[in-house]
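# Coordinates in review
As a plain string of letters, each chain reads:
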Amino acid sequence: MKESYLGVDVCNHSYVSLTHLIKDDIDRNRQSCIVAVNPEKVLKAQADDNLRQLLNQATYQIPDGVGILIASKFKKGLIKERVTGIDMLLALCEMAEKHDKTVFLYGAKPGVGEKARENLLKTFPSLRVVGVMDGYEKNHQKILDTINLAKPDILFVGLGSPRQEYWILENMPQLNVRIFQGVGGSFDVLSGNIKRAPRFFRKSGLEWLYRLGKEPYRIKRQLKLPLFLFKVLTKG
Ligand code: UDP
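Residues numbered from 1 in each chain as written. Predicted model: local features only at pLDDT ≥ 70, side-chain atom pairs only at ≥ 80, totals over all residues. Heavy atoms only, no water.

If you tally the helices and strands in the chain, you get 13 helices and eight strands. Relative to the 2.2 N^0.38 estimate, which gives 18 Å for 236 residues, the radius of gyration of the chain is 17 Å and therefore close to what a compact globule would have. On the principal axes, the C-alpha backbone points of the chain span a range of 50 × 35 × 35 Å. Taking all 236 residues of the chain together, 47% fall into the buried category. Considering only intrachain contacts with a sequence separation of at least 6, the fraction spanning at least 24 residues in the chain is 76%. Here the chain has roughly 11800 Å² of accessible surface; of this, 54% comes from carbon and sulfur atoms. (Helix = DSSP H or I, 4+ residues; strand = E, 2+ residues; numbered from the N terminus. Rg over C-alpha atoms; globule rule 2.2 N^0.38 Å. Buried < 20%, exposed > 50% of the residue type's maximum accessible area, 1.4 Å probe, protein only. Contact = heavy atoms within 4.5 Å. Areas by Shrake-Rupley, 256 points an atom, 1.4 Å probe, with all protein chains shown as cover.)

Okay, structure coming up:
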């Protein structure tokens, strides 16, 4: 089921229900794609019709960001929990390990993906990571050929937003891949290059406060949240 905020669709699935749907998509040989939606992206999409259509074309839009939750509450929607890109990636790796599905990591600076793979294998020792490629490779055909040769069930694309969303939608038809997920800077976090907020901040919806403390320049991005909520309340 989907809800719509300022013209952008957002699914109200939980990690568990979405993971089931994704497994089903793989088993039935269906291509699908997951994008993360947060208030900043919704505001950007208001000024950029292409981006809005692109986000809405995705099969699943996950509610990443506490702002979407608040908006859903205002609008009496059904979104009850945040589904973050990185936690969705972890949920899919857990499913992949359990059901013998394969994953490929594409994006981030050279070396980051390998480190991310190493750390993923510490948590999911039998996970089949069938390929890793950095996000700065210039030879487009080489990227497609490498992924097609590896034939992953799930391709995680970490090129930053909206580049990764454009990349996925453009290349889906040429790729022998079932599931695509845009994961932003998740490989940097998984590799240990960037630290996530401690559990307390994540569970209480205060991850933004922790990140603001660490990276004060984020204030410009975060000030968009009240604007987003104001617009949702006044326009829908
Ligand atoms: N990146 C990439 N290729 C590029 C530009 C960026 O692989 O040409 C990677 C970058 O190394 C980083 C990620 O994309 O790992 C962007 O992370 P960021 O946190 O900025 O993305 P967001 O989650 O905010 O969309």
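Moving on, there is more to tell.
Right, let's talk about the site of the ligand for a bit. Lining the immediate environment of the ligand, one finds 14 residues, of which A108, G135, Y136, S161 and D188 sit closest. One of the backbone nitrogen or oxygen atoms of A108 is found 2.8 Å away from an oxygen atom of the ligand. One of the backbone nitrogen or oxygen atoms of G160 is found 3.3 Å away from an oxygen atom of the ligand. Here the ligand has 550 Å² of accessible area as a free molecule, and 68% of this is covered by the chains. (Near = heavy atom within 4 Å. Polar contact = N/O pair within 3.5 Å; in protein donor to acceptor, adjacent residues only side chain to side chain.)

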